[in-house]
Protein chains: 2
Amino acid sequence: MTTSVRGGQLARLLGQWHSLPGRHRSPDYAALAGAVRGLLSDGRLPLGVRVPAERELAESLGISRTTVTAAYRSLRESNHLTSRRGAGSWTTLPNGHRVATSGLWTPIDDLDMIDLGVAASAAPAELVPAARAAAEDLPRFLGSAGYNPTGLGELRDAVAAAYTARGVRTSPEQILITNGTQQALDLVLRLSVPAGAPVLVETPTYPNALAALAARRARISTHGLDSATGWDAELLLGALRQTRPRLAYLIPEFQNPTGHLMSAELRERLVAAAHATGTELVVDESFVDLPLGGTVLPPPVAVFDRHSRVVSIGGMSKAYWGGIRIGWVRASAPLVQRLAALRVGVDMGSPVLEQLVAVRLLRDATAIVTARRTQLAERRDALVTALREHLPEWQFTLPTGGATIWAELDGPISSALARAAEEVGVRLAPGPRFGLDGTLERFIRLPYALPAEDLIEAVKRIASVRYDLDRAARPEWRTPAVIA
Amino acid sequence: MTTSVRGGQLARLLGQWHSLPGRHRSPDYAALAGAVRGLLSDGRLPLGVRVPAERELAESLGISRTTVTAAYRSLRESNHLTSRRGAGSWTTLPNGHRVATSGLWTPIDDLDMIDLGVAASAAPAELVPAARAAAEDLPRFLGSAGYNPTGLGELRDAVAAAYTARGVRTSPEQILITNGTQQALDLVLRLSVPAGAPVLVETPTYPNALAALAARRARISTHGLDSATGWDAELLLGALRQTRPRLAYLIPEFQNPTGHLMSAELRERLVAAAHATGTELVVDESFVDLPLGGTVLPPPVAVFDRHSRVVSIGGMSKAYWGGIRIGWVRASAPLVQRLAALRVGVDMGSPVLEQLVAVRLLRDATAIVTARRTQLAERRDALVTALREHLPEWQFTLPTGGATIWAELDGPISSALARAAEEVGVRLAPGPRFGLDGTLERFIRLPYALPAEDLIEAVKRIASVRYDLDRAARPEWRTPAVIA
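What comes next is a walk through the structure. (Residues numbered from 1 in each chain as written. Chains lettered and ligands numbered in written order. Predicted model: local features only at pLDDT ≥ 70, side-chain atom pairs only at ≥ 80, totals over all residues. Heavy atoms only, no water.)

### Digging into the side chain of Arg 216 of chain A
Residue and element names in this part refer to chain A.
Next, step 1: Tracing the backbone shows Arg 216 in the loop between helix H8 (207-215) and strand E8 (219-224).
Next, step 2: Here Arg 216 occupies a buried position and makes no salt bridge, while the nearest side chain of opposite charge, Asp 186, is found at 6.6 Å.
Next, step 3: Only 3.0 Å separates the side chain of Arg 216 from the backbone oxygen of Val 193, close enough to count as a polar contact.
Next, step 4: In contact with Arg 216, not counting residues within four places along its chain, are Leu 189, Arg 190, Val 193, Pro 194, Ala 195 and Gly 196. (Helix = DSSP H or I, 4+ residues; strand = E, 2+ residues; numbered from the N terminus. Buried < 20%, exposed > 50% of the residue type's maximum accessible area, 1.4 Å probe, protein only. Lys, Arg positive; Asp, Glu negative; His and termini not counted. Salt bridge = Lys/Arg side-chain N within 4 Å of Asp/Glu carboxyl O. Polar contact = N/O pair within 3.5 Å; in protein donor to acceptor, adjacent residues only side chain to side chain. Contact = heavy atoms within 4.5 Å.)

This is the structure we're talking about:
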């Protein structure tokens, strides 16, 4: 873990801090403090790291030490820095803030904040009856010690049956129950990726997958998705052959954040290439339940797997609810056993009650998932209409499923826009969160998981600051490297 | 992760395989296969690892290749090995087996097996009403995305209040909710222990803590507990000063497995020494709720902490139920924020429903914990009486709390005894599971978490095989190195 950030690093993260947010000209120290708060709130500047000494930062930014001193004082007053005499200052966050998905921090009880940082919806009505029924079912298990690292048999049965119904024969021994898709990924990485091992990911990709890979100190290479057309088969397979990664992490169904759906042909070629290069192919199926408007899904990637090269991970966050922390790994039975053995040292297993709730929700899968798809299609259409009306310069491909639009902005303004939007009550996950090293400033992810009226209001608010931002800040922008 | 085991390694693990279990003389190949099954079932031989080629193992053991071939065939027939032409053979387990706590594998639905591998009891009667009430409380949260990496505010409040009641002032910002104590340890290790960092632990200690440390590739040094008297203050503080570990993991309350309780004086000196050596002191309070028979607890270790050197971890597995996967970290607020940020890449957060159940159980803490203590005291006494009657040669100190007796056997027979006991329906965690590198063969952990009649029956069964084992195998035993 990083425990301190040097002056040059922080200066690079801050970029054009003095022109942001730009709507009302503020003193330099206030602009600097605001930019640091922005980096903290979108997770690019970690919590608990020591910031550079005032003199060092002043030198790196080419400004006076007095400005840095005043900025640090302002950050201390707002509880974004904590200092101890002789030991320096650390980044913190004021009380009452919490971490949300994608590493964003959101204030609790801020009811006026529209959170577009999270591609997750409210829970379905079926959840409370399922929880009630699970509570009544609990006595069957109370005589045991309650540990089950592979998962309850009946939940493994249900997940295996769902894979089989999707066309890939699966036995319960091939299923490991986890605390959500994120843990599924983390466990697989722990088993398969030693420090420094080469890993291939898409860019843009899911920020928390990047976080898990960073924790493994993986050597990451990327395949850039075209925002309009998605994967380029030749480039993707070429990247596999060239880097021969230990593992590749891909999201073939309604890729997060771009929304693209991988063709059956590429799936088949991908599995063959992974076999040839000795690569473990980790396929994140978080959005597989959510094709919209008659979209037909290609076969699961695992269908093409003859050599146990494919590890599928999935969970209930997107089609059901994020507060249900149940996900799974589908892999060969021996790999599942190794993951379960590893898991005893990680967290022993998933809670019994939660698994019983999941069993009941999966029994109702057809009703719950159908309703969620109808809801998401309506929300997507509302978001698209609002974007075309209020932000007509933004470009995007209409997603055929999933929960996210990946919009190309009319300038490399994503981080600036996120900071400005926060001031008018919209939380955004800026483009750079989905890539490596501050690229993707020309893009933003817009999830359509919230109710239509919230999405429309959010777009209006974004549009209001977008044009403000434009007038004040545009002339000063440099174009950073963009991967698209 | 280990992916293959060499001939010499496996030979070392197998030890005196040809004299075990020794009750009925079987052919060499069957004895060898049985010994491998024993290593698999107690977790010392991991699953999914490639075993040596037949020729290599034959050479390492100094036996004929025919014997190894027949043993491997037997293991394949019982589904403990899976082979693929040209690629070798991997360890597996038959279907219907699952991982239990402490890395042990137990068959599902084996109702006649008395599981003494696990120091965990059945759930309290209050659990089902708590689950029902939590289900009714769920609607408050359903409009949110459901992610809370630090934990629900009301649960953090309750845990902080419990610490304050124990005499160590604690704010909710100092609490991170985790999936059980094991995840609390794993997260702390991830943040604080880079690969190769020096770590100090007790020996014997909790096997799953050793597993978590092994996953971090920590450089482990040990402080040996005296089975009769526990920690030696001078040796423990000397070990700290000498090795200056990055982190020390200790269990001061009813140490698992020895049951010892650390004095207030040593707690205070330990914190001062950790401050002097720059060591993070991780204190596992799993058993702190369980003093028995009027035992008075010293102040929590964190009481003596003036410099944020102490990280306390705890959970609900022992006083409540292992199937409730709720634990916590108590640390400085900045460290809690860093752990929460890390956790987003690990598993996002704990389930909402499970946390609501925990809130309700903690409200009933007095009733639940008092009943558990009464129950454990009765069970401890029943186990002690049975041991004195049926296995009078075994030595132990009567624990004043917790759930485990650490018995010194009348020979270095712990692993052999565990294998033999399994045949008569008793699962045991042999001594070497609680230490490093196969030592502690003279000891066994006997938890008293099960009903008294099961404990008495288990002791009778153990005694029956103990003396059988003695007659057949004793003359052939070598004494391995023992840390005590």
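Back to the write-up after that little detour.
### Here we look at the packing of aromatic side chains
Residue and element names in this part refer to chain A.
Next, step 1: Counted according to the given criterion, the structure contains 4 aromatic pairs over all chains.
Next, step 2: Taken together, a centroid distance of 5.2 Å and an interplanar angle of 0° make the contact between Trp 406 and Phe 443 stacked. Pair noted here: Trp 406 is in strand E13 (residues 404-408) and Phe 443 is in strand E15 (residues 443-447), with a separation of 37 residues, a long-range link.
Next, step 3: Geometry around Tyr 163 places Arg 330 over its ring, the cationic atom sitting 5.9 Å from the centre. (Phe/Tyr/Trp six-rings, centres within 6.5 Å; stacked < 30°, edge-to-face > 60°. Lys NZ or Arg CZ within 6 Å of the ring centre and 35° of its normal.)

### Focus on the environment of Leu 450 of chain B
Residues and elements named next belong to chain B.
Next, step 1: Relative to the helices and strands, Leu 450 is located in the loop between strand E15 (443-447) and helix H15 (452-473).
Next, step 2: On the accessibility criterion, Leu 450 (18% relative accessible area) is buried.
Next, step 3: For the pair Leu 450 and Leu 266, spaced 184 residues apart in sequence, the C-alpha to C-alpha distance is 32 Å.
Next, step 4: What Leu 450 contacts, discounting residues up to four positions off in sequence, is Ile 114, Asp 115, Leu 116, Ala 120, Arg 379 and Leu 455.

### A closer look at the pattern of salt bridges
Next, step 1: Overall, the coordinates contain 32 salt bridges over all chains when judged by the stated rule.
Next, step 2: Notably, a salt bridge pairs Arg 461 of chain A with Glu 457 of chain A, separated by 2.8 Å at the nearest N-O pair. Taken together, the residues Arg 461 of chain A and Glu 457 of chain A, both in helix H15 (residues 452-473) and 4 residues apart, mark about one turn of the helix.
Next, step 3: Among the residues examined, Arg 461 of chain A registers a relative accessible area of 14% and is labelled buried.
Next, step 4: Residue class for Glu 457 of chain A comes out partly exposed when judged on its relative accessible area of 33%.
Next, step 5: Between Arg 343 of chain B and Asp 347 of chain B there is a salt bridge; the shortest N-O distance is 2.9 Å. One exposure class covers both Arg 343 of chain B and Asp 347 of chain B, and it is buried.

### Digging into the pairing of strand E1 (residues 81-84) of chain A
Residues and elements named next belong to chain A.
Next, step 1: Inspection of the sheet shows E1 paired to strand E2 (residues 88-91) by 4 bridges, in the antiparallel sense. Residue pairing in the sheet places Leu 81 in a bridge with Thr 91 of E2.
Next, step 2: A loop of 3 residues connects E1 with E2, the two strands running antiparallel in sequence, and Gly 86 in this loop sits at a positive phi of about 85°. (Pairing = 2+ DSSP bridges.)

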